[in-house]
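Fold and contact review
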Amino acid sequence: MTDSADSPSFRLAYVPGVTPAKWARIWAERLPDTPLVLLQTSPAEADALLRGGGADAAFVRLPVDREVFSAIPLYTETTVVVVPRDHVITAAEEITVDDLADEVVLHPLDDVVGWERPPGEAAFERPATTEDAIELVAANIGVLVVPQSLARLHHRRDLTYRTLVDAPQSEVALSWPEDATSDLVEDFIGIVRGRTVNSTRGRAQQAPAADQKKDERRKPQPGGAPRRGAAGGTRGRTAGAKSAGGAKGGGAKSGGAKGGGSRRGAGGGKPRRRS
């Protein structure tokens, strides 16, 4: 593991549709002396960027090469179909794949939904990018199936979208090269996982010192009151009280009837009559 001091900044890549603003804000609050550099990349280029050391970590869409990269799945996106606002599909809030049987479904080369062949009719050619496919939807050439975040990213006033309930879904994850798990990567993992400041990996190293202080507070102070159960403490006093005048002590039996004394009075005289 490399030391965090070796890196003057932390380079975080992210694919379209992912918004790293929340995590970037927390990073700036916790590590103000270490700049966070954000790098937007395409899904196809994210793999090479991490392999070549161009980024320390990246928000990507699964799957990734698990023999090279570590990955923490974060969330699964809703899949939607983008259509013109006056399209018949807009009559329903949710649709199924079967509802696309008669539609031309565009399949861009940077598709992230993950199916080999979309439902419906295939377009004459595949658009190069999702952005190009959006333009074709606006021109009434076909419809487009994407994760909801991409539909929002490429929002247009003349387009809308509906949830596709039975389509494959895209899963977003934090990924980094397994052999390059630096201290800064560990710090960012803690932020993504929602750890507090006191539970970060660096703070955890201070725990033994805190535990030592707690142990010192538990130790009895010189001249202080004895603890319960200690020699000569509460149990010792209780035993002494019983032996001095308790029912099981020697006082009652030794001075009882067998010892010649009277149990009716203190002076051994006759009992008084009731008048």
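Residues numbered from 1 in each chain as written. Predicted model: local features only at pLDDT ≥ 70, side-chain atom pairs only at ≥ 80, totals over all residues. Heavy atoms only, no water.

Tallying secondary structure elements over the protein gives 9 helices and 11 strands in all. Counting all 275 residues of the protein, 35% fall into the buried class. Sequence-distant contacts in the protein: of pairs separated by 6 or more residues, those separated by 24 or more amount to 71%. When the accessible surface of the protein is summed, it comes to about 17,700 Å², and 48% of that surface belongs to carbon and sulfur atoms. (Helix = DSSP H or I, 4+ residues; strand = E, 2+ residues; numbered from the N terminus. Buried < 20%, exposed > 50% of the residue type's maximum accessible area, 1.4 Å probe, protein only. Contact = heavy atoms within 4.5 Å. Areas by Shrake-Rupley, 256 points an atom, 1.4 Å probe, with all protein chains shown as cover.)

Our focus in this paragraph is the sheet that holds strand β1 (residues 10-14). In space, the 5 strands of this open sheet follow the order β2-β1-β3-β11-β4, with mixed pairing throughout. With one partner strand each, in any of the chains shown, β2 (36-40) and β4 (69-76) form the two edges of the open sheet. Sheet twist, expressed as the mean angle between neighbouring strand axes with direction ignored, is 20°. Of the pairings in the sheet, the one linking β1 to β2 comprises 5 bridges and is parallel in character. If you follow Arg11 over to β2, its bridge partner there is Val37. (Pairing = 2+ DSSP bridges. Axes fitted to C-alpha atoms, helices over the stretch in contact; angles between N-to-C directions.)

Let us now look at the nonpolar core. One finds Phe10, Leu12, Trp27, Phe59, Leu174, Trp176 and Phe188 to be the most contacted residues of the largest nonpolar core, which totals 27 residues. Broken down by secondary-structure element, the contributors of at least two residues to this core are β1, α1 (21-30), α2 (43-51), β3 (57-61), β4, β11 (171-177) and α5 (183-192). Tallying contributions element by element places α5 first for this core, with 6 residues. Not counting the four nearest positions on each side in its chain, Trp27 is found in contact with Phe10, Pro32, Thr34, Pro35, Leu36, Leu184, Asp187, Phe188 and Ile191. (Core = buried A, V, L, I, M, F, W, Y, C linked by side-chain atoms within 4.5 Å.)

Here we take up helix α3 (residues 130-138). Of all the residues in α3, the buried ones are Thr130, Ala133, Ile134 and Val137. Along the axis of α3, the buried residues cluster in a sector spanning 105°; they form a single face. Of the residues one or two after α3, Asn140 is the one with positive phi, at around 60°. (Arc of directions from axis to C-beta.)

What follows covers the sheet that holds strand β9 (residues 143-147). The strand order β6-β10-β5-β9-β7-β8 describes an open sheet built from 6 strands, whose pairing is mixed. With one partner strand each, in any of the chains shown, β6 (94-95) and β8 (121-122) form the two edges of the open sheet. Packing against the sheet, α3 makes contact with β5 (79-84), β7 (104-106), β9 and β10 (159-164), and its axis sits at approximately 140° to β9.

One ladder, built from 5 bridges, connects β5 with β10; its direction is antiparallel. Paired with Val80 across the strands is Thr163, a residue of β10. Taken together, the 2 bridges between β6 and β10 define a ladder with parallel strand orientation. Its bridge partner being in β10, Glu94 is matched across the sheet by Thr163.

The next point concerns the confidence of the model for the protein. With 69% of its residues at a pLDDT of 70 or more, the protein shows a mean pLDDT of 80. Counting contacts from residues 1-5, a segment whose pLDDT is below 50, to residues more than four positions away or on other chains yields 10 contacts. Scored below 50 in pLDDT, residues 202-214 makes 2 contacts in the model with residues more than four places away or belonging to other chains. (pLDDT = per-residue confidence, 0-100.)

With respect to the element layout, Gly120 can be found in the loop between β7 and β8. The class of Gly120 is buried, set by a relative accessible area of 18%.

Turning our eyes to something else, we now look at the pairing of β5. Within β5, 6 of the 6 residues are buried, which leaves the element mostly enclosed by the surrounding structure. In this structure, β5 lies alongside β9, joined through 4 bridges in antiparallel fashion. Note on β9: the bridge partner recorded for Val80 is Val146.

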